[in-house]
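Topology and contacts: notes
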Amino acid sequence: MSILAFFTALEQSWLGQTIQGSIYIFPITEVFHLLGLAVLGGAILLVDMRLLGLGLKNHPPQQLARDVQPLMKGALAVMALSGITLFVSEAVKCYYHQAFWFKMSALALALTFTFTWRKKVLRSPSAPATQKLTAIISLILWSCVGIGGRWIGFE
């Protein structure tokens, strides 16, 4: 089965058709997706700004990262569930939309970076230059995810 055939089957599934046929499900789901994005973005931004040396200087970045970890994971779960729901309702549109592929690529990179390198930097003492570079890369990757998501809505 090709990717297009799989996407078509998802869109034509009971769930895809139900979402398309409702005037409420898509916008309500999108609200949850955006709320998840706000929480995740806030948690990422808080820690990355601390790594850059901007704000919360009395809080070690390691502790700050541990404190926001449950928020990050919860927001990621909300975004994954709502994102899949949104995707199923317009999977074929996503297949042909460059923004979808851009967002999914950026998301894969951002998640991998966040839960490998960034996590390593936050677990052990690192040079300030390493912390700053880590924060900059993290902010760029997560910004690309958000930009890609917003770009999807324009077509």
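Heads up: the structure comes first, above all this text.
Structural notes, computed from the coordinates.

**Things to note about the packing of aromatic side chains**
Under the defined criterion, the tally for this structure stands at 10 aromatic pairs. Both rings, one in Y95 and one in Y96, keep their centres 4.9 Å apart while their planes meet at 90°; by these two values the pair is edge-to-face. These aromatic residues form a ring-pair network of at least three members: F6, F7, F87, Y95, Y96, F100 and W101.

**Considering unusual backbone geometry**
The backbone of L56 shows a phi angle near 50°, a positive value even though the residue is not glycine. Tracing the chain through its elements places L56 in the loop between helix 3 (25-51) and helix 4 (61-89).

**Quick look at the nonpolar core**
L40, V47 and W142 are the most contacted members of the largest nonpolar core, which has 20 residues in total. Where this core is concerned, the elements lending two or more residues are helix 3, helix 4, helix 6 (98-123) and helix 7 (128-152). It is helix 4 that provides the largest number of residues to this core, a total of seven residues. Setting aside anything within four residues of it in sequence, one finds W142 in contact with L40, I44, L76, L107, A110, L111 and T114. Formed by eight residues, the second largest nonpolar core is a distinct cluster that contains F7, V88, C94 and A99.

**Points about helix 6**
Look at helix 6: 36 Å from first C-alpha to last across 26 residues, which is about the 38 Å you get at 1.5 Å a residue. Where helix 6 bends most, at T114, the angle is about 40°. Taken as a whole, helix 6 has its buried residues at A99, F100, K103, A106, A110, F113, T114, R118, V121 and L122. Where the residues of helix 6 are buried, they touch helix 1 (3-11), helix 3, helix 4, helix 5 (91-96) and helix 7.

Thresholds, definitions, all that
- Residues numbered from 1 in each chain as written.
- Predicted model: local features only at pLDDT ≥ 70, side-chain atom pairs only at ≥ 80, totals over all residues.
- Heavy atoms only, no water.
- Phe/Tyr/Trp six-rings, centres within 6.5 Å; stacked < 30°, edge-to-face > 60°.
- Helix = DSSP H or I, 4+ residues; strand = E, 2+ residues; numbered from the N terminus.
- Core = buried A, V, L, I, M, F, W, Y, C linked by side-chain atoms within 4.5 Å.
- Buried < 20%, exposed > 50% of the residue type's maximum accessible area, 1.4 Å probe, protein only.
- Contact = heavy atoms within 4.5 Å.
- Expected span 1.5 Å × (residues − 1).
- Bend = angle between axes of the 7 residues up to and from the residue.

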